[in-house]
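Here are the chains, one letter per residue:
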Amino acid sequence: MSRPGLPSRSHPRVLDLAVALAVLPTVVPPPAQIGGSTPFLDRLDAPGIALVLAACALLMLRRVAPWPTTLAVGTLVLVALARQPAASQAVVPLLVVLYTLGTRARVVAVAVTTAVLTGAVVATLLVAGQDTGEAGQRAIIPWLGLAAAVGVAIRGQRDAVAAAEARAEQAEQNREEEAQRRVAEERLRIARDLHDVLAHQVAVVNVQAGLAQHLLATDPTGAAEALGHVRAATGQVLRELPAFLGVLRAEDGDPGTAPAPTIGDVDDLVHAARLAGLQVDFRTSGDPGRLGEGTGLAAYRILQEALTNAVKHGAGSVEVHLGHGPTATVVEVVNAIATTPRAGTPISGHGLTGIRERAHAHGGTAEIGPADGRWRVRVALPTEPGRPDGEAPA
């Protein structure tokens, strides 16, 4: 990740030039610094100055090609020390390239390179006849290793910062992905609930409106009764829809809506299905008290969608069994299949998909499809939280 404002990142060439210029006074010190308090410094002759100037110039390439630059600078420094062993300042460019190599290469490679160059410097001084115990030569040895070690440490710190930034970016990306996933799940839940709220009552309206149209000329009383059922169904939608949409407009965690329906409200579903023209054989068994709030709502919505499907695509009769067992609640709806679909009621499949999704979301199972010439919806929802599968009661 680039950091605007840092010269090493935004203008690397300028920094390299500044480093090369800063090294020059140390390798070619003014005459006032030669002798006296610094006896280990020696005035470089013209060839020596040329060698260290070339080494300083090569510092411009230290980050572009660290290995060749280290080799070239090391060679120039060794030649300069062989000519004038007392000119310890000639080693400064080598310190710079060893530091740079530490920030770029592997630790083992840096260690080996530093050891080799250190040995070469010591050997050069010994061959040149200089006692490496003198102050200047004694200072060269640890400084070579220290320069490389500082480079390795700086690289480690940079890697740690880069890793922390990468983790932060990954965490931010994960948060965004999680937020998108939650939004997608919420959209699916809203679409499913909206379908449940509207589909059943709209199916009732469709059937009763068709019946009213059919009876209008021959049986005005029957037509008026059918229109009354239409009004009751639309009134139910008008009561449920604002409450549902209130969840979308809620602020501060206060939805301000009516309580969600539960499994105890299934009688209303059966009554509405009968108003839609179905002959409903409704049976219930067991105690629904073990159902949790979420599972009870899921069972209600599943039964609602199954009855809606029977109204739209059934042949007029349906058997409903709601059984509450010790480990699971089973919702079973079986209806005859109409030979010709009702007008205006295409099969979309979304309702059946919603049944399966609700069942699986609560750890249950769903069996949907033809059975013995009839259409069968059977869903088992576990009454005990954490169970992977619903188990049908006896």
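Please refer to the structure placed before this passage.
Structural notes, computed from the coordinates. (Residues numbered from 1 in each chain as written. Predicted model: local features only at pLDDT ≥ 70, side-chain atom pairs only at ≥ 80, totals over all residues. Heavy atoms only, no water.)

### Considering the pattern of salt bridges
Okay, step 1: Enumeration according to the criterion identifies six salt bridges in this entry.
Okay, step 2: Its salt-bridge partner being R376, residue E367 comes within 3.3 Å of it at the nearest N-O pair.
Okay, step 3: By relative accessible area, E367 is classed as partly exposed at 38%.
Okay, step 4: Salt bridges sharing common partners tie together E332, E367 and R376. (Salt bridge = Lys/Arg side-chain N within 4 Å of Asp/Glu carboxyl O. Buried < 20%, exposed > 50% of the residue type's maximum accessible area, 1.4 Å probe, protein only.)

### A word on the sheet that holds strand β2 (residues 314-324)
Okay, step 1: Sheet architecture is open: five strands sit in the order β1-β2-β3-β5-β4, paired in mixed fashion. Two strands in the sheet have a free side with no partner beyond their single neighbour: β1 (279-286) and β4 (365-371). Across the sheet, the mean angle separating the axes of adjacent strands is 10 degrees when strand polarity is ignored.
Okay, step 2: Bridge count between β2 and strand β3 (residues 328-337): eight bridges; the pairing is antiparallel. Along β3, the bridge assignment pairs V320 with V333.
Okay, step 3: Those strands touched by helix α9 (residues 266-275) are β1 and β2, and its axis lies near 165 degrees from that of β1.
Okay, step 4: The strands that helix α10 (residues 293-313) touches are β2, β3 and β5 (374-382); relative to β2, the one it contacts most, it runs at about 165 degrees. (Pairing = 2+ DSSP bridges. Helix = DSSP H or I, 4+ residues; strand = E, 2+ residues; numbered from the N terminus. Axes fitted to C-alpha atoms, helices over the stretch in contact; angles between N-to-C directions. Contact = heavy atoms within 4.5 Å.)

### Looking at the nonpolar core
Among soluble globular proteins, nonpolar side chains are generally buried collectively.
Okay, step 1: By size, the foremost hydrophobic cluster in this structure holds 34 residues, and its most contacted members are L303 and V318.
Okay, step 2: Those elements giving two or more residues to this core turn out to be α7 (135-215), α9, α10, β2, β3, α11 (350-361) and β5.
Okay, step 3: Element by element, the count of residues in this core is highest for α10, at nine residues.
Okay, step 4: Sequence-distant contacts of V318, that is, excluding residues within four places in its chain, are made with L278, Q279, V280, D281, L307, A310, V333, V334 and N335.
Okay, step 5: Counting residues in each nonpolar core, the second largest holds 29 residues, with A55, V97, L125 and A148 among its members. (Core = buried A, V, L, I, M, F, W, Y, C linked by side-chain atoms within 4.5 Å.)

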